[in-house]
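One-letter residues, chain by chain:
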2 protein chains.
Amino acid sequence: MEKLCPRFEKAMGLLSTRWVGLILSDLLGGTKRFSEMESDLPISGRLLSDRLKMLEKEGIVKRNIYSEFPVRIEYSLSDKGKALEPVIQEIQCWADNHVTEEELNTECE
Amino acid sequence: MEKLCPRFEKAMGLLSTRWVGLILSDLLGGTKRFSEMESDLPISGRLLSDRLKMLEKEGIVKRNIYSEFPVRIEYSLSDKGKALEPVIQEIQCWADNHVTEEELNTECE
DNA sequence: TACATTAATTACAAAAAGTAACTACCTTCT
DNA sequence: AGAAGGTAGTTACTTTTTGTAATTAATGTA
């Protein structure tokens, strides 16, 4: 009978929210604008907006508004967000070593 | 404009499937039976069954049947599954350092 | 005034998750 | 034989979350 660590459970709840991993990996590549992320990732504006709002509330993503024309809004990782880099790296490492060519086209059903 | 690594995308799709992280972390603690996992984790039998089936198909979980009375079915991690340990460890590490006390009771909304 | 641009938000149909009750398969007990 | 009990699921049904496309808000330009 394992006891579940509440901090781990919270972190996992965050990371296992759909698209969050891809958003983090995109932002680890540097500051991004909304429309950039929208074209980088296979995610719709509705969910990208939801997720960024959630990640901002969790203190993982920072949002900066530049009142230019047209308005520019930049998203970047806070220190707390950047601290997730090793997690993303380990996932990449596992993917490189264990995801086979044939698996690439299959969804998880 | 970042390009998305398909292997990473596949791995992330897997890990970001709800409950998969908790199931992996439970199984990293050793072989488990269905009912054990059901009481360890805040997940219903329906979804536990779905996820174990999916993880078995992905070659991450092994399923062993012992025809005793009552029937005993054991779940454990394959090598591919065990290779996810560093990922889980990094998540635990981030959780220890960055998940605050107040956050523990809040859901990600 | 009409239009362009970015960053969202709304409305609605489709898919996935949550819950609880039920089934299948065996074994033991009476 | 028939009823009861244990494990591992499955089914039926409701609620929540996603995906898609159209719409809005704020601002500046022609």
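Quantities reported herein were computed from a predicted structural model and do not represent experimental measurements.

Enquirer: Just give me the short version of the protein's contact with DNA strand D, but keep the residues and values in it.
Expert: With respect to spatial proximity, 19 residues lie near DNA strand D, and among them S44 and F69 of chain A together with S35, R46 and P70 of chain B are the closest. Looking at the surface near DNA strand D, the elements with two or more residues in it are α4 (45–57) of chain A together with α3 (34–40), α4 (45–57) and β3 (72–77) of chain B. Residues belonging to the surface near DNA strand D are distributed by class as follows: eight nonpolar, six polar and five charged.

Enquirer: Residues and numbers for the protein's contact with DNA strand C, please.
Expert: The environment of DNA strand C is formed by 17 residues, the closest being F34, S35 and P70 of chain A together with S44 and F69 of chain B. Those elements that provide at least two residues to the surface near DNA strand C are α3 (34–40), α4 and β3 (72–77) of chain A together with α4 of chain B. Its residues assigned to classes, the surface near DNA strand C shows six nonpolar, six polar and five charged.

Enquirer: Which residues make up the UniProt feature "domain: HTH hxlR-type" (unreviewed entry) in chain A, and what values go with them?
Expert: Cross-referencing UniProt, the feature "domain: HTH hxlR-type" (unreviewed entry) maps to residues 5–103 of chain A in the present numbering. With 58% helix and 14% strand, residues 5–103 of chain A has its two end C-alpha atoms placed 32 Å apart.

Enquirer: Which residues make up α4 of chain B, and what are the values?
Expert: Residues and elements named next belong to chain B. Over its 13 residues, α4 runs 18 Å from end to end, which matches the ideal 18 Å to within 8%, given 1.5 Å per residue. Along α4, the residues that are buried comprise R51, L52 and L55. Here the buried residues of α4 occupy an arc of 100° about the axis, which is enough to place them on one side. Turned more than 90 degrees away from the buried face of α4, the exposed residues are R46 and K57. Among the structural elements, α2 (20–28), β2 (61–66) and β3 are those in contact with the buried residues of α4. G59 sits one or two positions beyond α4 and adopts a positive phi of about 75°.

Criteria and thresholds
- Residues numbered from 1 in each chain as written.
- Chains lettered and ligands numbered in written order.
- Predicted model: local features only at pLDDT ≥ 70, side-chain atom pairs only at ≥ 80, totals over all residues.
- Near = placed C-beta within 6 Å.
- Helix = DSSP H or I, 4+ residues; strand = E, 2+ residues; numbered from the N terminus.
- Nonpolar A, V, L, I, M, F, W, Y, C, P; charged D, E, K, R; others polar.
- UniProt positions renumbered as here; feature names shortened; annotations may be inferred.
- Expected span 1.5 Å × (residues − 1).
- Buried ≥ 20, exposed ≤ 12 C-beta atoms within 10 Å, placed from the backbone.
- Arc of directions from axis to C-beta.
- Contact = placed C-beta atoms within 7 Å.

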